[in-house]
Amino acid sequence: MTDEKIVLTGIKPTGTPHIGNYIGALRPLIDMSQNHKTFMFIADLHALNSIHDAKEIKQHTYEIAALMITMGLNLENTILFRQSDINEIYQLTEFLMNVTPKGLMNRAHSYKAMIEKNTETGVDIDSGVNMGLYTYPVLMAADILLYNSDIVPVGKDQKQHVEFARDIAGYFNNIYGETFKLPEPIIGEDCGLIPGLDGRKMSKSYDNTIPLLCPSNELKKKVMRIITDSKTPEESKNPDESTIFQMYSHFASADEIAALRKRFLDGGMGYGEAKTILFEKIDSVLSEPRKRYEYLMTNPSEIDAILNQGAERARVVAARTLTKVKKKMLG
Ligand code: ADP
Ligand code: TRP
């Protein structure tokens, strides 16, 4: 791994992964793992500022890990682990707190959004803001710097956090001498937003999601609930405005997509039939991984074994960095 760029990313376990998460965030990471050495962790500590139920965090951690494993993550190239399993992360976070200006945290988008909302609603500006949320970027900088990351693939919303990690590395290096590399964010190709059952962005906050690896009968029920316009079967339909078509296009081959596009435009196909085509496509693509996923979810010790192995490998790098930092800061 020495002369290769180190790629690192974290995934926050705050919900059951849905089709939007998979297409927008998880599948690109799985693709990337095929030809990059990557540190990839489930960022359970980052979930703590919003979820105060241990069972829930644990469940989502297993779901994400099992999904990544069964959907083809390359485990030879990837060190997959749980963020909280590495004790060095708590220590590096504390060390970095002392070179991080408070003003930097005040500029974080997620914190700013909270205080703007509080201002609008007339409550105390810091209402609902815990220190986990406020210092979230320091923990994230520690994640990135602990493993000497060069490249951090993230969604657009996380770009600022990676830039903060760069800033924090810079502050540290200025005071203590060259220690950390400056990481670069890379923003994945924008696949557009996957619409949910009601046509808005698929999101757990809208309760309009389709969990990627839910049982077949649940998948069918959800697909059948996708909201459509009221065109009759005979009428021509615009595929580009259809949630059904958009979802289909992320799972089908180029030929299949072209064929369905034509059927939308030609007319003669009702939305019920289009939904059946969509359901059958997703169901067939996912049927094998789903079996393995269900197996792992009922045998979580097998997921733990993979995560523990990842943690052991991650710890070697983490310990080295921490020793260096501690020596520079405390002698
Ligand atoms: P949710 O909106 O359900 O709370 P998150 O905000 O936790 O989802 O999203 C985690 C990741 O999944 C983000 O990187 C985001 O880019 C991606 N993602 C979430 N919803 C969608 C969507 N509808 N289409 C494309 N990508 C999505
Ligand atoms: N904050 C990221 C998110 O909400 C997850 C994350 C935590 C992360 N630590 C990271 C991403 C380090 C990249 C690098 O999606």
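If you're wondering where the values come from, they're calculated on a predicted model, not measured in any experiment. (Residues numbered from 1 in each chain as written. Chains lettered and ligands numbered in written order. Predicted model: local features only at pLDDT ≥ 70, side-chain atom pairs only at ≥ 80, totals over all residues. Heavy atoms only, no water.)

## As for the environment of Leu 146
Line of reasoning, step 1. Assignment of secondary structure puts Leu 146 in helix H8 (residues 136-146).
Line of reasoning, step 2. Residues Leu 146 and Glu 88 lie 58 residues apart in sequence; the distance between their C-alpha atoms is 8.0 Å.
Line of reasoning, step 3. Not counting residues up to four positions away in its chain, the partners in contact with Leu 146 are Ile 86, Glu 88, Ile 89, Leu 92, Val 317, Ala 318 and Thr 321. (Helix = DSSP H or I, 4+ residues; strand = E, 2+ residues; numbered from the N terminus. Contact = heavy atoms within 4.5 Å.)

## Quick notes on the site of ligand 2
Line of reasoning, step 1. In the vicinity of ligand 2 lie 14 residues, with His 46, Tyr 136, Met 140, Asp 143 and Gln 158 positioned nearest.
Line of reasoning, step 2. Tyr 136 is positioned such that a nitrogen or oxygen atom in its side chain is 2.6 Å from a nitrogen atom of ligand 2.
Line of reasoning, step 3. Contact distances for ligand 2 include 2.7 Å between a nitrogen atom and a side-chain N or O atom of Asp 143.
Line of reasoning, step 4. If ligand 2 stood free it would expose 360 Å²; the protein chains cover 91% of that surface.
Line of reasoning, step 5. Broken down by secondary-structure element, the contributors of at least two residues to the shell around ligand 2 are strand S1 (7-11), H8 and strand S4 (151-154).
Line of reasoning, step 6. For the shell around ligand 2, the element with the most residues is H8, which contributes four residues.
Line of reasoning, step 7. Here the shell around ligand 2 is built from residues that sort into eight nonpolar, four polar and two charged. (Near = heavy atom within 4 Å. Polar contact = N/O pair within 3.5 Å; in protein donor to acceptor, adjacent residues only side chain to side chain. Areas by Shrake-Rupley, 256 points an atom, 1.4 Å probe, with all protein chains shown as cover. Nonpolar A, V, L, I, M, F, W, Y, C, P; charged D, E, K, R; others polar.)

## Things to note about the packing of aromatic side chains
Line of reasoning, step 1. Taken as a whole and assessed by the stated rule, the structure comprises seven aromatic pairs.
Line of reasoning, step 2. Ring centres of Phe 41 and Phe 81 lie 5.5 Å apart, and the angle between their planes is 40°; on these two criteria the pair is classed as tilted. Residue Phe 41 is found in strand S2 (residues 38-42), and its partner Phe 81 is found in strand S3 (residues 78-82); the two are separated by 40 residues along the sequence. The same class applies to Phe 41 as to Phe 81, namely buried.
Line of reasoning, step 3. Positioned over the ring face of Tyr 206 is Arg 200, at 4.0 Å from the centre of the ring.
Line of reasoning, step 4. Lying over the aromatic face of Tyr 271, Lys 237 brings its terminal NZ or CZ to 5.4 Å of the ring centre. (Phe/Tyr/Trp six-rings, centres within 6.5 Å; stacked < 30°, edge-to-face > 60°. Buried < 20%, exposed > 50% of the residue type's maximum accessible area, 1.4 Å probe, protein only. Lys NZ or Arg CZ within 6 Å of the ring centre and 35° of its normal.)

## Side note on the packing of helix H4 (residues 88-97) against H8
Line of reasoning, step 1. Following both chains from N to C, one finds H4 and H8 inclined at 115°, their axes separated by 9 Å at the closest point. Crossing of H4 against H8: the hand is right-handed. Between H4, through Glu 88, Ile 89, Leu 92, Thr 93, Leu 96 and Met 97, and H8, the contact on the second element is made entirely by Val 138, Leu 139, Ala 141, Ala 142, Asp 143, Leu 145 and Leu 146. (Axes fitted to C-alpha atoms, helices over the stretch in contact; angles between N-to-C directions. Left-handed = near helix turned anticlockwise from the far one by under 90°.)

## Looking at the packing of helix H13 (residues 271-298) against helix H14 (residues 300-330)
Line of reasoning, step 1. Axis separation between H13 and H14 bottoms out at 4 Å; the angle between their running directions is 90°. Accordingly, the angle class assigned to the pair H13 and H14 is roughly perpendicular. Where H13 approaches H14, its residues Tyr 295, Leu 296, Met 297 and Thr 298 are matched on the opposing element by Pro 300, Glu 302 and Ile 303.
Line of reasoning, step 2. Partitioning the contact of H13 with H14 into residue classes produces five nonpolar, one polar and one charged. (Parallel < 35°, antiparallel > 145°, perpendicular 65-115°, else oblique.)

## Comments concerning the domain arrangement of the protein chain
Interfaces are often described in size by the accessible area the parts lose on coming together.
Line of reasoning, step 1. The domain architecture assigned to the protein chain consists of domain 1 (3-193 + 300-330) and domain 2 (213-293).
Line of reasoning, step 2. When each unit is reduced to the centre of its C-alpha atoms, the spacing between domain 1 and domain 2 is 34 Å.
Line of reasoning, step 3. Summed over both sides, the interface between domain 1 and domain 2 buries roughly 920 Å², with carbon and sulfur atoms accounting for 70% of that surface.
Line of reasoning, step 4. The largest per-residue losses of area from domain 1 upon contact with domain 2 belong to Ile 19, Thr 70 and Met 71, which jointly make up 48% of the total buried on that side.
Line of reasoning, step 5. The interface formed by domain 1 and domain 2 contains zero salt bridges.
Line of reasoning, step 6. In this structure, the connection of domain 1 to domain 2 is made through one residue pair in polar contact (both at pLDDT 80 or more). (Domains from an automatic or database assignment. Buried area = accessible area lost by both parts, 1.4 Å probe. Salt bridge = Lys/Arg side-chain N within 4 Å of Asp/Glu carboxyl O.)

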